[in-house]
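This is what each chain is made of:
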Amino acid sequence: KAADGWEDTYPGLYGKLIDFCMKEGKVDEILRNKKLEKRTHQRFPAAGRVKATLLTKEGAKSDVIFGGGLSDISVSGACFSMRCSKKSTARALLARHLLLMIAGDQDQNPPTISIVSKVVGVSFHLYGDFSVHVHFNKELAEDAVRRFAT
């Protein structure tokens, strides 16, 4: 919301800010380079499809369903990519609960899991791409996580 209206008030500033961020690196890269780890469990690069159903505050399934591609996974959470035309819609996912259906990309007998999770972060990428970071309500078994790892 802080950047809304910048283009009208300060033409070109948003583009310069993106150029600066691309040159200086992302926060995740800076933390990795400084050997700072904010996660308690190791994340593994993963491949697969994610189907997310938004849950109501009471925990019931809503009619809002969206999908994306699995990026990484750990015993306590995951990250997946999605496309969304409005930043405000993607930001509205923060702190909401989702029922995730995750299916691996393996050709023979792909692993699948269904788990309730909470959205703990939404990262904006260019052109309507977002990364959604979730924390699972229950930890997964280590062997289940490794089946999704690439």
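Structure's up top.
Here the residue numbering is sequential within each chain, running from 1 through the sequence in written order. Only residues with pLDDT of at least 70 get local features here, since the model is predicted, and only at 80 or more are side-chain atom pairs given and counted; chain-wide, interface and lining totals rely on the full set of residues. Each side-chain value is derived from all of the structure's non-hydrogen atoms; neither hydrogens nor water enter the calculation.

## Some points on the overall build of the protein
Counted only if it meets this: Strands are runs of DSSP state E lasting at least 2 residues, helices are runs of H or I lasting at least 4, and numbering of each runs from the N terminus. Only protein chains enter the calculation, and the probe is 1.4 Å; a residue is then buried if its accessible area is under 20% of its type maximum, exposed if over 50%, and partly exposed in between. Only the protein chains shown count as cover for residues, and the accessible areas themselves come from Shrake-Rupley with a 1.4 Å probe.
In terms of regular secondary structure, the protein is built from five helices and seven strands. Taken from N to C terminus, the helices and strands of the protein fall in the order α-α-α-β-β-β-β-α-β-β-β-α. Counting all 150 residues of the protein, 32% fall into the buried class. Roughly 10000 Å² of accessible area belongs to the protein as shown, and the carbon and sulfur atoms make up 54% of that amount.

## Quick look at the environment of Lys61
Mapped onto the fold, Lys61 is located in strand E3 (residues 61–73). A residue is classified by how much of its surface remains accessible, and Lys61, at 60% relative accessible area, is exposed. Along the chain, Lys61 and His97 lie 36 residues apart, while their C-alpha atoms are 9.9 Å from each other.

## Side note on the nonpolar core
Our working definition: As used in this record, nonpolar core signifies buried Ala, Val, Leu, Ile, Met, Phe, Trp, Tyr and Cys residues forming a set joined through side-chain atoms within 4.5 Å.
Ile73, Phe80, Met82, Leu98, Leu100, Val134 and Phe136 are the most contacted members of the largest nonpolar core, which has 28 residues in total. Ranked by the residues each element gives to this core, the list is headed by strand E7 (residues 129–136), at four residues.

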